[in-house]
Protein chains: 2
Amino acid sequence: MRAYERVVEQIEEAIESGALSPGERLPSERELMVQLAVGRSTVREALRVLQARGLVRSRPGDPHGAEVLPFSPAALHKSMTTLARVEQLSLGELVQFRMVLDSAAILLAARLRTEEQLAEMNKAVEAMRAAAGTEPGAADTEAFGRADVAFHDAVVAASGNKLIQICTDVVRQIVLRQISARIDAADDRQALMRRSIQHHEEVIEAIRAGDGPLAARLSRRAMYDYYAPYVKESETSALRALLE
Amino acid sequence: MRAYERVVEQIEEAIESGALSPGERLPSERELMVQLAVGRSTVREALRVLQARGLVRSRPGDPHGAEVLPFSPAALHKSMTTLARVEQLSLGELVQFRMVLDSAAILLAARLRTEEQLAEMNKAVEAMRAAAGTEPGAADTEAFGRADVAFHDAVVAASGNKLIQICTDVVRQIVLRQISARIDAADDRQALMRRSIQHHEEVIEAIRAGDGPLAARLSRRAMYDYYAPYVKESETSALRALLE
DNA sequence: AAGAATTTGTTCGTATGTATG
DNA sequence: GCATACATACGAACAAATTCT
């Protein structure tokens, strides 16, 4: 076993077990090199790996040593993005994945949501309405996107499943990176927004009524309508398989 | 921007764009250090990061330089495992995630499967039957597990969604690591196997008939029955929300 | 506000074990 | 079996950055 791997595992264990908490500091490189009886380059290679995994961050000149970071899905995001590139994941597959996870979150939310969470969802849709604007050309695309994210955050929070939350979040970002340019360029942006808002309102109503299967079906339909125009013709049938 | 980060990005870009294919070799460290005009340690730190991301592998003494690897979900697996530990993901959440993705894959498979893929599923269930054995105590737990994996592989292959395939695969391994000991220790292993086989047969029949929603519902029920005993009492209701 | 002290970033030289041909 | 080239690992040295006095 490599020396740097031993160092990685020791520090990783300390962090994941909770012996080291976010915000705490690692010893300096020179101290680690004494404590662990390895050379400085070995310590540095180990720190690079831990940094790549999103567990620590080190800055030049920081006298307190590397900082233990709170968990972030950055590493997950990175490996999924890599997956999407090297496996050439199609937009259709990504959207399909989102349709599945998002509708599951909504199904659960319809069952488990509190009144506060429902209010949160309503607030988000209200913000979407404000961003879409009333007069032609007054739409704030960016604010609309933020409100949309807030809505979905409220939903996955109500679903109670952090894994679903993180995965949908990661995949949403990957999807948006692929097509945000085309969405921005659409000349009927405002019409798209209005339709999207209406869809969201229907979903919320179903969640309020506690009808999970209906809410889930509506959400799949909404996502299909929104993203299908950007998906290859040959893949839309696989998406429609989720709609019935 | 750090020197090693530039090196990481350059090599990463070459790999993800396809300019470097799996099996091909990177220049040796000394050559990279000349080509990129950086020191040796910088090259090494970059290679460590790329290795942590599962993109390359280097061995001491290899005169051909680091090898570009085919994509593997190892990095994804690693970051999800980290996520499960530091976010303290419960078994309930993990099982719920599998219920959602697996049943979605089955729903799609019922629509899109070919005859060959259906035959593959039948073969896997046949292998499960063989592993469960006919006489008491003759069960081969490991072979049963392998056959079960083969079944789900055939299903996700038929679903046509590689992202679902990889995510279910990763989460299954995490779940099994958490409870395989308890499953092995169960004294009614063979009864569990027989019930599982029956569930699989029902799912296959629904897939054969093209009834996706039924197949999906059956698969959720099967997974619930199999894993619920290991899930905390307080979490089973969230699992049952997926059953209706 | 400015400088001292310490840390990380980076380079380089050296020694050692290992795989290839 | 041997020579060669390689990765692994160590440590000294200097530059750049940050914090603290």
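All of these numbers come straight from a predicted model, not from anything done at the bench. (Residues numbered from 1 in each chain as written. Chains lettered and ligands numbered in written order. Predicted model: local features only at pLDDT ≥ 70, side-chain atom pairs only at ≥ 80, totals over all residues. Heavy atoms only, no water.)

Let's talk about the packing of helix 1 (residues 3-16) of chain A against helix 4 (residues 74-86) of chain B
Helix packing for two helices is described by the angle between their axes and how far apart those axes are. The test is simple: A fitted line through C-alpha atoms represents every axis, and for helices the fit uses only the stretch in contact; the resulting angles, taken between N-to-C directions, go from 0 to 180 degrees. A run of H or I in DSSP counts as a helix once it spans at least four residues, and a run of E counts as a strand once it spans at least two, with each numbered from the N terminus. Comment on the angle field: the value is read as roughly parallel under 35 degrees, roughly antiparallel over 145, roughly perpendicular from 65 to 115, and oblique elsewhere. Contact definition: two residues touch when any of their heavy atoms are within 4.5 Å.
At a minimum axis separation of 9 Å, helix 1 of chain A and helix 4 of chain B run at an interaxial angle of 40 degrees. Here helix 1 of chain A lies oblique to helix 4 of chain B, going by the angle between them. Along the contact surface, helix 1 of chain A presents Glu12(A), Glu13(A) and Glu16(A), while helix 4 of chain B presents Lys78(B), Thr82(B), Arg85(B) and Val86(B).

Observations concerning the side chain of Asp102(B)
Positionally, Asp102(B) belongs in helix 5 (residues 91-112). The contacts of Asp102(B), once residues within four sequence positions are left out, are His152(B), Thr168(B) and Met223(B).

As for the interface of chain A and chain B
Heads up, the rule is: A simple way to read buried area is as the amount of 1.4 Å-probe accessible surface that goes missing from two parts once joined, with both sides added. Between Lys or Arg on one side and Asp or Glu on the other, a salt bridge is scored when a side-chain nitrogen of the former is within 4 Å of a carboxyl oxygen of the latter. Here a polar contact is taken to be a pair of N or O atoms separated by no more than 3.5 Å, where protein atoms must pair a possible hydrogen donor with a possible acceptor and residues adjacent in sequence count only if both atoms sit in side chains.
Of the residues lining the interface, 51 residues belong to chain A; the matching set on chain B comes to 51 residues. For the pairing of chain A and chain B, the buried interface totals around 5,000 Å² over both sides, and the portion due to carbon and sulfur atoms is 65%. Linking chain A with chain B are 12 salt bridges, by the criterion used here. The partner of Arg85(B) in a salt bridge is Glu16(A), and the shortest N-O contact between them spans 3.2 Å. In this structure, the connection of chain A to chain B is made through 20 residue pairs in polar contact (both at pLDDT 80 or more). Those elements that place two or more of their residues in the side of chain A that touches chain B are helix 1, helix 3 (40-52), helix 4 (74-86), helix 5 (91-112) and helix 8 (162-185) of chain A. Examining the composition of the side of chain A that touches chain B, we find that 11 residues originate from one element, helix 5 of chain A, more than from any other.

Side note on the nonpolar core
Heads up, the rule is: By nonpolar core we mean a set of buried residues, namely Ala, Val, Leu, Ile, Met, Phe, Trp, Tyr and Cys, connected to one another through side-chain atoms within 4.5 Å. The cut-offs for exposure are 20% and 50% of the maximum accessible area for each residue type, with area from a 1.4 Å probe on protein chains only; residues under the lower value are buried, those over the upper are exposed, and the others partly exposed.
With 130 residues, the main nonpolar core has Met80(A) and Met80(B) as its most contacted residues. Residues within four places of Met80(B) in sequence aside, it is in contact with Leu76(A), Met80(A), Leu163(A), Cys167(A), Cys167(B), Val170(B), Val171(B) and Ile174(B).

Focus: the environment of Glu205(A)
Residues and elements named next belong to chain A. Turning to its location among the elements, Glu205 is positioned in helix 9 (residues 189-208). Residue classification places Glu205 among the partly exposed positions, given a relative accessible area of 40%. When the C-alpha positions of Glu205 and Ser219 are compared, they lie 12 Å apart, and in sequence the two are 14 residues distant.

Brief notes about the protein's contact with DNA strand C
Quick reminder of the rule: We call a residue near a molecule or strand whenever a single non-hydrogen atom of that residue lies within 4 Å of it. In the scheme used here, Gly and all other residues not listed as nonpolar or charged are polar, with Ala, Val, Leu, Ile, Met, Phe, Trp, Tyr, Cys and Pro taken as nonpolar and Asp, Glu, Lys and Arg as charged.
Around DNA strand C, the structure places 26 residues, and the nearest of them are Arg30(A), Ala3(B), Gly39(B), Ser41(B) and Thr42(B). Counting only the atoms of DNA strand C that lie within 4 Å of the protein, the sugar and phosphate share comes to 72%. Here a sugar or linking oxygen of DNA strand C sits 3.2 Å away from a polar atom, N or O, in the main chain of Asp62(A). The separation between a phosphate oxygen of DNA strand C and a polar main-chain atom of Ala3(B) is 2.5 Å. Listing elements by their share of the surface near DNA strand C, those giving two or more residues are helix 2 (29-35) and helix 3 of chain A together with helix 1 (3-16) and helix 3 (40-52) of chain B. At three residues, the largest contribution of residues to the surface near DNA strand C is made by helix 3 of chain A. Residues belonging to the surface near DNA strand C are distributed by class as follows: eight nonpolar, nine polar and nine charged.

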